Amino acid sequence: MYSSPLLYHAESSFYSQRARLGFEEKRVPYRKKLVNIQLGEQVEPWFIRLNPHGEVPIVQHNKRLIIDSEAILNYLDQITPQAPSLTPDPSTDDGAKVKHFKSLLKSVEIEYITFGTMLHPEIESTKKRFFNPAQVRAKFDQPQKVMQNYAAKLPDLRGMYEGKIARTQALVNKILDLKYCMNCLQRCDEVLTEIEEELSKVKGQGSPEEGPWLCSENFTIADIYLATLLHRIAFLGLGQRFFTGGKRPNLEAYYERVQKRRSFHRACSYSGSLFWMWVYPNMVYRLKRSFPSIVGMGVVGLAIFAAFKYSDKLKMIKF
C-alpha cells in the first residue's frame, strides 16, 4: 500500500495548479493521476463516485478523500506541522494579512474570465484564440449529453449527475453573458489594484527562494492564489490588460520572480504549453482505451517517452 497522497488533477485546471503548487511548496512526496477534462473523463462514473461535483483536484490519502483545492492546501498543512504553514494563525499580523488577501483573491471568478475570454471576441486578448465560440459551446454541450445518458443508465448516480448537469448549465449561462464576464474582469482589476499597492510596501526583493512575499517572509496560500491567477491571466493573453508593460510594475516583478521559483516551475511550467495541456493528455487517454489493460502501462510509458523526445520541438507559449 502506498503512503504518499494520490492527486487526481488536470494540467490545464486552474485549481489543480493550486494543489500542485501546494504539494511542491510543502515538499510532500505525492503521486499524480491525470484526469482528461477535455474529453470528459471527470464525468465518467468512476470519477463521479469519487467526487459528485465532477471536478479536479482530488486527493486520496490514508483512506481519506479531500475535495477542493483549498481543502487540499489546508490538509497539507495538517500533515506537515514541522514546515512553515501556508495559512498562518489569523490572530497574528501575517496570518490576518493572509486571510484578507486569500479572501480577496477568491472573489475573482476565474472560470468566467477564462471561458469568457475564449468565447467573446469583445474581450481583447494578445493571444491567438485556440477555440472559436462554437467549440467552446461544444466543450460544455457534449458532457451534458454524456451525463444525461449516464443518469438514465445508472440509478444510483442519477442524483449526482442531475446536480452536475444543473451546475454546468448555470455556469454556461453566465459564460454566455458578456456583461457578467466583463464584470468579472472589472472585479479582477480591482483586486489587482489593491495587491499592487500592497506589494509596493514590500521592502526589498529576495531571490525566488526567499522572502519577502505578499504577506510575509514565507510563501503562503495567498501567494499560491496570486501566482496561479497571474499565470492564468498571462496564458489568456490578458497580461497587458492587467499587469505587464508597466501597467502594474510590482505585480509584473512579482510574477517574473515567482516563475523562477523551484516549486512553481515543477507545478505550473507545463500548464503554459498546449502540448502538455491538450495534446499529451488526449494521447494518453485514447491510448489507454485503445489497448488491452495488460499492455496499458507499456503504452503509457511509450507515450511519455515520445512526449519527452519531441516536446522540445513543439512551440511553447511564452508569457
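Residues numbered from 1 in each chain as written. Predicted model: local features only at pLDDT ≥ 70, side-chain atom pairs only at ≥ 80, totals over all residues. Heavy atoms only, no water.

## Brief notes about the overall build of the protein chain
Then comes step 1: Scanning the protein chain from N- to C-terminus turns up 14 helices and four strands.
Then comes step 2: Taken across its 319 residues, the protein chain has 49% of its residues classed as buried.
Then comes step 3: Contacts in the protein chain between residues at least 24 apart in sequence constitute 71% of all its contacts with a sequence separation of at least 6.
Then comes step 4: When the accessible surface of the protein chain is summed, it comes to about 16,000 Å², and 55% of that surface belongs to carbon and sulfur atoms. (Helix = DSSP H or I, 4+ residues; strand = E, 2+ residues; numbered from the N terminus. Buried < 20%, exposed > 50% of the residue type's maximum accessible area, 1.4 Å probe, protein only. Contact = heavy atoms within 4.5 Å. Areas by Shrake-Rupley, 256 points an atom, 1.4 Å probe, with all protein chains shown as cover.)

## Thoughts on unusual backbone geometry
Then comes step 1: Omega for the bond connecting valine 56 with proline 57 falls within 30 degrees of zero, at 10°, which places this linkage in the cis form.
Then comes step 2: If you trace the backbone, proline 57 turns up in the loop between helix H2 (45-50) and strand S3 (58-61).
Then comes step 3: In this structure, the amide linkage connecting glycine 211 to the following residue, proline 212, adopts the cis form with an omega of 5°.
Then comes step 4: Tracing the backbone through its elements, the reader meets proline 212 in the loop between helix H8 (178-199) and helix H9 (221-235).

## Examining the packing of aromatic side chains
Then comes step 1: Under the criterion given, the structure shown has eleven aromatic pairs.
Then comes step 2: Each ring, one from phenylalanine 14 and one from tyrosine 15, has its centre 5.1 Å from the other, and the planes form 85°; the classification is edge-to-face.
Then comes step 3: On the basis of relative accessible area, phenylalanine 14 is assigned to the buried category, the value being 6%.
Then comes step 4: One aromatic cluster in this structure is built from Tyr8, Trp46 and Phe47. (Phe/Tyr/Trp six-rings, centres within 6.5 Å; stacked < 30°, edge-to-face > 60°.)

## Here we look at a negative patch on the surface
Then comes step 1: A contiguous patch of negative charge on the surface is contributed by Asp93, Asp94, Glu209, Glu210 and Glu217.
Then comes step 2: Following the sequence through the fold, glutamate 209 ends up in the loop between H8 and H9.
Then comes step 3: Given the relative accessible area of 43%, glutamate 209 is considered partly exposed. (Patch = residues over 30% accessible without salt bridge, like charges linked within 9 Å, V, L, I, M, F, W, Y side chains within 5 Å. Salt bridge = Lys/Arg side-chain N within 4 Å of Asp/Glu carboxyl O. Lys, Arg positive; Asp, Glu negative; His and termini not counted. Charge placed at Lys NZ, Arg CZ, Asp CG, Glu CD.)

## Let's talk about the environment of lysine 139
Then comes step 1: Along the chain, lysine 139 turns up in helix H6 (residues 133-153).
Then comes step 2: Taking the relative accessible area as the measure of exposure, lysine 139 reaches 28% and is therefore partly exposed.
Then comes step 3: As for lysine 139 and glutamine 38, which are separated by 101 residues in sequence, their C-alpha atoms are 7.4 Å apart.
Then comes step 4: In contact with lysine 139, other than residues within four places in its own chain, are Ile37 and Phe115.

## Quick word on the packing of helix H1 (residues 14-26) against H9
Then comes step 1: Where H1 meets H9, the closest approach of the two axes is 10 Å, and the angle between their N-to-C directions is 135°. Between H1 and H9, the crossing angle belongs to the class labelled oblique. Taken as a pair, H1 and H9 cross one another with a handedness that is right-handed. Taking contact as the criterion, the partners of Phe14, Gln17, Arg18, Leu21 and Gly22 in H1 are, on H9, Ile224, Tyr225, Ala227, Thr228, Leu229, His231 and Arg232.
Then comes step 2: Taken together, the residues of the contact of H1 with H9 sort by class into six nonpolar, four polar and two charged. (Axes fitted to C-alpha atoms, helices over the stretch in contact; angles between N-to-C directions. Parallel < 35°, antiparallel > 145°, perpendicular 65-115°, else oblique. Left-handed = near helix turned anticlockwise from the far one by under 90°. Nonpolar A, V, L, I, M, F, W, Y, C, P; charged D, E, K, R; others polar.)

## Notes on the pairing of strand S1 (residues 6-9)
Then comes step 1: Covered by surrounding structure in S1 are Leu6 and Tyr8 together with Leu7 and His9, the residues of both alternating faces.
Then comes step 2: Examined bridge by bridge, S1 and strand S2 (residues 31-34) share four bridges and lie parallel to one another. In the strand pairing of S2, tyrosine 8 is matched with lysine 33.
Then comes step 3: Where the polypeptide runs from S1 across H1 and back to S2, its parallel neighbour, the crossover connection is right-handed.
Then comes step 4: Strand direction decides the pairing type here: S1 and S3, joined by three bridges, are antiparallel. What sits directly across from tyrosine 8, in S3, is isoleucine 58. (Pairing = 2+ DSSP bridges. Right-handed = clockwise from strand over helix to strand, strands pointing away.)

## Here we look at the pattern of salt bridges
Then comes step 1: A complete count under the given rule lists eleven salt bridges for this structure.
Then comes step 2: We note a salt bridge from glutamate 11 to arginine 20, for which the minimum N-O separation is 3.0 Å.
Then comes step 3: Overall, glutamate 11 belongs to the buried group, its relative accessible area being 11%.
Then comes step 4: Residue arginine 20 is classed as buried on the basis of its relative accessible area, which comes to 1%.
Then comes step 5: In this structure, aspartate 189 engages arginine 248 in a salt bridge whose closest nitrogen and oxygen atoms are separated by 3.1 Å. Residue aspartate 189 is found in helix H8, and its partner arginine 248 is found in the loop between helix H10 (239-242) and helix H11 (249-259); the two are separated by 59 residues along the sequence.
Then comes step 6: A relative accessible area of 22% means that aspartate 189 is categorised as partly exposed.

## Details of H6
Then comes step 1: Counted at 1.5 Å a residue, the expected span for H6 with its 21 residues is 30 Å, and the 31 Å between its end C-alpha atoms agrees.
Then comes step 2: Taking the largest bend as the criterion, H6 deviates by roughly 25°, centred on lysine 139, and proline proline 143 comes between one and four positions later.
Then comes step 3: Listed in full, the buried residues belonging to H6 are Val136, Phe140, Pro143, Gln144, Met147 and Ala151. (Expected span 1.5 Å × (residues − 1). Bend = angle between axes of the 7 residues up to and from the residue.)

## Concerning the environment of isoleucine 221
Then comes step 1: Examined against the element boundaries, isoleucine 221 turns out to sit in helix H9.
Then comes step 2: For isoleucine 221, a relative accessible area of 0% translates into the label buried.
Then comes step 3: Isoleucine 221 sits 133 residues away from proline 88 along the chain, and the two C-alpha atoms are 9.1 Å apart.
Then comes step 4: Excluding residues that lie within four positions of it along the chain, isoleucine 221 makes contacts with Glu70, Leu73, Leu86, Thr87, Val98 and Lys102.

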